[in-house]
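Listed below are the residues making up each chain.
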Amino acid sequence: MILVLTAGFGDGHNTAAASVADALRRESLGEQVLVSDLVSEAQPSISGILKSLYQVAITHVPSAWKYLYKKLAKSDLDPAKNAWMRPLLTYLRQQLETLQPRVIVSTYPLYAGLLSCLREEMAVPPLVTVITDSTTVHPVWLMAPSDLYCVADLETDDVIVEMGVKRAETRITGFPVSLQFIEPLPEGALKPGVQRILYLPSTPAKHVAATLAALRPLIQKGVRLTIPVGKHRSRLYHILRHYEDSLPAGSLDIIGWTNRIPELLRTHDVVICKAGGAILHEVMAARTIPVIDYVVPGQEEGNADYLLTRNCALRSKTPQETGAAVARLLENGGKLVRQMRENMLPISVPDAAIRVAHEVLAVKKTP
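Residues numbered from 1 in each chain as written. Predicted model: local features only at pLDDT ≥ 70, side-chain atom pairs only at ≥ 80, totals over all residues. Heavy atoms only, no water.

Participant: So what about the side chain of Thr-132? Which residues, and what values?
Facilitator: When you line up the elements, Thr-132 lands in the loop between β4 (127-130) and β5 (148-151). Of note is the side chain of Thr-132, whose polar atom sits 3.4 Å from the side chain of His-13. When residues no more than four places from it in sequence are discounted, the contact partners of Thr-132 are Gly-12, His-13, Ala-16, Thr-107, Trp-141 and Phe-175. (Helix = DSSP H or I, 4+ residues; strand = E, 2+ residues; numbered from the N terminus. Polar contact = N/O pair within 3.5 Å; in protein donor to acceptor, adjacent residues only side chain to side chain. Contact = heavy atoms within 4.5 Å.)

Participant: Mind laying out the pattern of salt bridges, listing which residues take part and the relevant values?
Facilitator: Applying the stated rule across the entire model yields 13 salt bridges. The partner of Arg-26 in a salt bridge is Glu-27, and the shortest N-O contact between them spans 3.8 Å. As a salt-bridge pair, Glu-263 and Arg-260 come within 3.2 Å of each other at their nearest N and O atoms. Under the relative-accessibility criterion, Glu-263 is labelled buried at 17%. (Salt bridge = Lys/Arg side-chain N within 4 Å of Asp/Glu carboxyl O. Buried < 20%, exposed > 50% of the residue type's maximum accessible area, 1.4 Å probe, protein only.)

Participant: Talk me through the sheet that holds strand β3 (residues 103-106); I want residue IDs and the actual numbers.
Facilitator: Overall, parallel pairing links the six strands, which are arranged β2-β1-β3-β4-β5-β6 in an open sheet. What marks the edges here is a single partner per strand, and that holds for β2 (33-37) and β6 (170-172). Neighbouring strand axes in the sheet, compared pairwise and without regard to direction, differ in orientation by 20° on average. Where β4 and β5 come together, three bridges link them in parallel fashion. (Pairing = 2+ DSSP bridges. Axes fitted to C-alpha atoms, helices over the stretch in contact; angles between N-to-C directions.)

Participant: Lay out the pairing of β3 with the relevant residues and their values.
Facilitator: In summary, the side chains of a regular strand alternate between the two faces of the sheet. Because side chains alternate across β3, one face comprises the buried residues Val-103 and Val-105, and the other comprises Ile-104 and Ser-106, equally buried. Pairing of strand β1 (residues 2-6) with β3 involves four bridges; the strand directions are parallel. Residue pairing across strands places Leu-5 opposite Ser-106, the latter belonging to β3. Between the parallel pair β3 and β4, the chain is carried across by helix α6 (residues 110-118), and the sense of this crossover is right-handed. (Right-handed = clockwise from strand over helix to strand, strands pointing away.)

Participant: Describe helix α5 (residues 86-99), with residues and values.
Facilitator: Relative to the 20 Å expected for 14 residues at 1.5 Å per residue, α5 spans 20 Å between its end C-alpha atoms, a close match to the ideal helical length. Turning to α5, its buried residues are Leu-88, Leu-89, Leu-92, Gln-95 and Leu-96. For α5, the angular spread of buried residues about the axis comes to 125°, placing them on one side. For α5, the secondary structure elements touched by its buried residues are β1, β2, α2 (38-42), β3 and α6. At the exit of α5 stands Gln-100, carrying a positive phi of roughly 50°. (Expected span 1.5 Å × (residues − 1). Arc of directions from axis to C-beta.)

Participant: How would you sum up the packing of aromatic side chains? Please name residues and give values.
Facilitator: According to the stated counting rule, one finds one aromatic pair in the structure shown. Centre to centre, the rings of Tyr-108 and Tyr-111 are 5.7 Å apart; their planes meet at 55°, and the pair counts as tilted. Over the aromatic face of Tyr-306 sits the side chain of Arg-310, whose NZ or CZ is 3.9 Å from the ring centroid. (Phe/Tyr/Trp six-rings, centres within 6.5 Å; stacked < 30°, edge-to-face > 60°. Lys NZ or Arg CZ within 6 Å of the ring centre and 35° of its normal.)

Participant: Break down the sheet that holds strand β7 (residues 196-199) for me, with residues and values.
Facilitator: Reading across the sheet, the six strands line up as β9-β8-β7-β10-β11-β12 and stay open at both edges, with parallel pairing between neighbours. Pairing within the sheet leaves two strands with one partner each, and these edge strands are β9 (252-255) and β12 (314-315). Relative to strand β8 (residues 224-228), β7 runs parallel, the two being bridged by three bridges. What sits directly across from Ile-197, in β8, is Leu-225. On top of the sheet, helix α11 (residues 277-286) reaches β10 (270-274) and β11 (289-294); it is set at about 160° to β10, its chief contact.

Participant: Before we move on, can you summarise helix α14 (residues 352-362) with the specific residues and values?
Facilitator: Every buried residue of α14 is accounted for by Ala-352, Ala-353, Ile-354, Val-356, Ala-357 and Val-360. At its buried positions, α14 is contacted by β1, α1 (11-27), β3, β4 and β5.

Given below as structure tokens:
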């Protein structure tokens, strides 16, 4: 069996883990694959608090998160020296003894250190680490060794080699996204002749309301707007209700929880989103042009720069800039969108999860 480890601090780790697991099941029929959020399973109450604090920090106090992000780079995360990590170490030991996986895949940096510590007392299977950072890699990913590293692109590969990883231990696979990106679209999903904006709101409610106001002139001209609200439904309920009531019927589609993000990306011209690792690599897989309206300091800056320097995205810092950027992309029948899609072609890797799966399945158990 294959054990895939993740943690729910941001969407990137979970997206990568789920996508790799699905690809492993597809490429190795009959192989048991288990995805485990070790932090949540070992310490559920503490995990919930930490995840809530993380979301508050990156959304409302980014300067505090930036400070902590930099401080973690100099922290000693040796499990033997940190009492808070001992329950994780105990739980992981139990998982290995019970499941006896032949290989472990990790999409979260903490686990390499735990496994390194366990190697001193028991047989530990090979570890494949899927680095979800792009172009700027946090040092915590490399604080303990892995047998193989899968990275999103050549720039990231060069970065970790410069940080001390041997080139023979790296593979450039792309960021693993959902297998839906390589499957045919449902019949009728595309709407020829209709320009469509996908808005993934992650900023504070006041910023979202101002962004919607900036998009209003486009909507009134016939552009369609889709908003998957997911976990943001309650905090944005009144804003979206009043906004929908003020628009022509049928011009706005509000969606709750959905697993159709790959389909939505592939059927819209422009997406407004933050610079998360998962969403921007999904954008590349779909070749949908993003207007990046928020960048979490530190961890997301490399993601944004990767697209911006290739002229595959626009960056906005105010709601008014977001509206102007979307209008610019859609003018002249979407001429700029088509140009940027061509620019994105060389960096689009919709089958990255399959590539990672092949690398994992090729890893041999050490004697």
